[in-house]
2 protein chains.
Amino acid sequence: MRISLAAAFLLVPVIASADPLPSWNDTGAKAAIIAFVDSVTDPDADTYVPEANRIAVFDNDGTLWAEQPAYFQLLYAIDVLKQKAGADASILTSDVLKAAAAGDMQGIMARGTEGLLEIINVSHAAITAEAFGANAHAWLTTATHPTTGRTYAGMIYQPMLELLSYLREEEFTTWIVSGGGIDFIRAIAEDAYGIPPWQVVGSQGNTSYALSGDGTPTLTKDGGISFIDDKEGKPVGIMRHIGRRPIFAAGNSDGDFQMLEWTTAGDGPRFGLIVHHTDAGREFAYDREGGIGVLDRGLDEADERGWLVVDMARDWGRVWPGEE
Amino acid sequence: MRISLAAAFLLVPVIASADPLPSWNDTGAKAAIIAFVDSVTDPDADTYVPEANRIAVFDNDGTLWAEQPAYFQLLYAIDVLKQKAGADASILTSDVLKAAAAGDMQGIMARGTEGLLEIINVSHAAITAEAFGANAHAWLTTATHPTTGRTYAGMIYQPMLELLSYLREEEFTTWIVSGGGIDFIRAIAEDAYGIPPWQVVGSQGNTSYALSGDGTPTLTKDGGISFIDDKEGKPVGIMRHIGRRPIFAAGNSDGDFQMLEWTTAGDGPRFGLIVHHTDAGREFAYDREGGIGVLDRGLDEADERGWLVVDMARDWGRVWPGEE
Ligand SMILES: [Ca+2]
Ligand SMILES: [Ca+2]
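Chain A is annotated in an unreviewed UniProt entry as Haloacid dehalogenase-like hydrolase from Paroceanicella profunda.

Moving on: the environment of V275(A). Residues and elements named next belong to chain A. As for its placement among the helices and strands, V275 is situated in strand β7 (residues 271–278). Residue classification places V275 among the buried residues on the basis of a relative accessible area of 1%. As a C-alpha pair, V275 and V309 span 34 residues in sequence and 6.1 Å in three-dimensional space. Excluding anything up to four places from it in sequence, V275 contacts G62, T63, M160, G251, N252, V310, M312 and W316.

Tetrahedral coordination by four donors sets the ideal angle at the metal to 109.5 degrees; octahedral coordination by six donors sets it to 90 or 180 degrees. Residues and elements named next belong to chain B. In the first shell of the calcium ion (ligand 2), the protein supplies D59 (OD), D61 (O) and N252 (OD1), at 2.2 to 2.3 Å from the metal. Binding-site remark: the calcium ion (ligand 2) is held by donors from one chain whose sequence spacing is D-x1-D-x190-N. Of this pair, D59 sits in the loop between β1 (55–58) and α3 (72–87) while N252 sits in the loop between β6 (248–251) and α11 (257–264), and the two are 193 residues apart along the sequence. Comparing D59 with N252 shows no difference in burial state: the two are buried.

Tallying the contact residues gives 32 residues for chain A and 32 residues for chain B. In this assembly, chain A packs against chain B so that about 3,000 Å² is buried in total across both faces, 59% of it on carbon and sulfur atoms. Counting the surface chain A buries against chain B, the share from its top three residues, W198(A), Y209(A) and R240(A), is 25%. In this structure, the connection of chain A to chain B is made through 4 salt bridges. Inspection of the region where chain A meets chain B yields 13 residue pairs in polar contact (both at pLDDT 80 or more). Of all elements in the fold, only α7 (129–142), α9 (182–193), β4 (200–211), β5 (217–227), α10 (233–241) and α11 (257–264) of chain A reach the threshold of two or more residues within the side of chain A that touches chain B. In the side of chain A that touches chain B, the residues fall into 17 nonpolar, 7 polar and 8 charged.

Residues and elements named next belong to chain A. The end-to-end C-alpha distance of helix α2 (residues 28–41), which contains 14 residues, comes to 20 Å, matching closely the 20 Å that a straight helix rising 1.5 Å per residue would cover. The set of residues buried in α2 consists of A29, K30, I33, F36, V37, V40 and T41. Take α2 and look down its axis: the buried residues cluster within an arc of 130°, on one side only. Contacts from the buried residues of α2 go to α8 (158–169), β6 (248–251), β7, β9 (308–311) and α13 (312–315).

Another point: the pattern of salt bridges. If you walk through the whole model with that rule in mind, you get 30 salt bridges over all chains. The residue R282(B) makes a salt bridge to D279(B) at a minimum N-O spacing of 2.6 Å. Given the relative accessible area of 27%, R282(B) is considered partly exposed. Residue classification places D279(B) among the buried positions, given a relative accessible area of 7%. For the salt bridge of D300(B) with R288(B), the shortest nitrogen-to-oxygen distance reads 3.0 Å. Placement of D300(B) in helix α12 (residues 297–305) and of R288(B) in the loop between β8 (285–286) and α12 is noted, with a sequence separation of 12 residues between them. For D300(B), a relative accessible area of 47% corresponds to the partly exposed category. When salt bridges with common partners are traced through the structure, they connect E261(A), R297(A), E301(A) and R305(A) into a single cluster.

Residue and element names in this part refer to chain B. Of all 9 residues making up helix α10 (residues 233–241), 9 are buried, and the element is well covered by its neighbours. Every buried residue belonging to α10 is among G233, K234, P235, V236, G237, I238, M239, R240 and H241, and all of these are buried. Note on α10: the residue one or two positions beyond its end, G243, has a positive phi of about 75°.

Rules used throughout
- The written sequence of each chain sets the order in which its residues are numbered from 1.
- Each chain is given a letter, starting from A, and each ligand a number, starting from 1, according to the order in which they appear as written.
- Only residues with pLDDT of 70 or above have their local features reported here, since the model is predicted, and side-chain atom pairs are shown and tallied only from 80 upward, although totals for entire chains, interfaces and linings are computed over all residues.
- Side-chain numbers come from the whole structure's heavy atoms, not from hydrogens or water.
- Secondary structure counts use DSSP, requiring at least four H or I residues in a row for a helix and at least two E residues in a row for a strand, with both numbered from the N terminus.
- Buried, partly exposed and exposed residues are distinguished by accessible area as a fraction of the type maximum, computed with a 1.4 Å probe on protein chains only: under 20%, between the cut-offs, and over 50%, respectively.
- In what follows, residue pairs with any heavy atoms lying within 4.5 Å of each other are defined as contacts.
- Coordinating N, O and S atoms are those within 2.8 Å of the metal (3.2 Å for Na, K and Ca), and as water is not part of the atoms, a site may appear to have fewer donors than expected.
- Two parts placed together each lose some accessible area; with a 1.4 Å probe, that loss summed over both constitutes the buried area.
- The salt bridge definition used is simple: a Lys or Arg side-chain nitrogen within 4 Å of an Asp or Glu carboxyl oxygen.
- Between N or O atoms, a polar contact is any pair within 3.5 Å; within protein, one atom must be a potential hydrogen donor and the other a potential acceptor, and residues adjacent in sequence are included only when both atoms are from side chains.
- The nonpolar class holds Ala, Val, Leu, Ile, Met, Phe, Trp, Tyr, Cys and Pro. Asp, Glu, Lys and Arg form the charged class, and all remaining residues, Gly among them, are polar.
- Any helix carries an expected span of 1.5 Å times its number of residues minus one.
- Comment: arc refers to directions from the helix axis out to C-beta atoms.

Printed below as a string of structure tokens:
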């Protein structure tokens, strides 16, 4: 039997494709992710999932980028508030606003979520949606983090970027589902994560449409909070925006518990992933206590629920983009 | 000079591709649509628009499918209400609910939008989002229209289906932005229009997340209306869900005025389209008066604003799918 060169070439086994997750160490976490993706993309497997149902949702703060010493959106709001108060100090009508303008983080945190919302409300209101996005984008790509010296947009996690790309190559759609403000995340999501604005779900303020003085149709952020995309709000936000239950959900705190619970309770193959911040050297180490990114119930129940806990120190070979 | 057969083949001009809008007559409307699409997809033109910005939004009732003698969602709500009242007549706590259960359309319309919302509220509440979708899908594909005898899902407009496909082939994303309920439209959008649930924007009720009695994570439609995606609400809904201004908007009534206004006020090439119901023979004829799909200001201002008015009788060669 004679086999032509071309036919012989076809008989050579396909060379294993390049490692889709090069910044992940060769631990069980990486293997579990790849095994799941293989199982839902193999058209001959019982576990096959059609492309339209390959929906993967990601929390943002602490899951796709860092959140210490405080949520980046809060640091942005404080910067904006300082600027506004410099022009007109009378806007500082409460203790928490005064604390924010003075950069007093303890004074801010003492007021809890309500205080954060007040700061964000005052700093983010009375601006068009488009101007807000441009302003937030400029800050995220130029202001720098107090301890790493990186821009905030540079504090996204390289292993998670690779996971997003890998899932998209395997015909998943990738979504952000964050407690943070939707317009703030959208300002950077396409540049930072390759995620278009319509695949960002987040907390929302009120927006109104009107003609401005010169007759220009204008959408203005009016302030006020109309939807909080956290805890029980995350499945609600997903159903509002996506309209279909995901098969893959990643988070890092108990604010993501219900999102993982709802995602992994669906029929067929499902994946829940928790990023555990264990790396004080390269990033930060925190979990059960503190004011930011508390992970307590999730740690207790991940095993019995079959959720993967990613140990940042053990499972990630590098943390930041551009690192060796 | 010798030219190989393969090279010669490359020199043959590309055969003009098949007509992308075969159900549109060869009138100015069709030519204007094709000229616009050509202008934004030609990479060498000043008018080129990158794919991520090729966002096209469509009203649903009266634009993608029929809306006479009443919005299909109202006809569905009446059917559900009759069923529910058969089991428990005490749910008919108001005149408009009694009118609806009796099929008294005049009694319903006499109460205006508020009455419609009450009917929809009572008929659509206390059901999981998933069960609602399945129920609505079954109704849309089996119940039949009183005058055409078609299923409601069969009363989509063939020319608009072709327009949706054409735009998607040209790397637009296509969205529904409707005053109707988001969950109702999502129940059929993928089958009827090829539009996934996350590309449907609509009016919204309240939804809550909880564990049911047996511990199953459940999203339940609680009733109440949290957002009305009509008039000024349409640009707001677009910004909530899409986060970017469209370049193409199609509607049929003054409820779409602000959506077209906002879309076409953006920089660069823009397209506004109004479906004008002029065809009493094949569909229905109505515009400036009545309770459904009123088009008055839009007709007055379309010309000066550069919006295309599609005359159904003149510009469409056929109306329904499967027609000769
Ligand atoms: Ca988080
Ligand atoms: Ca309409």
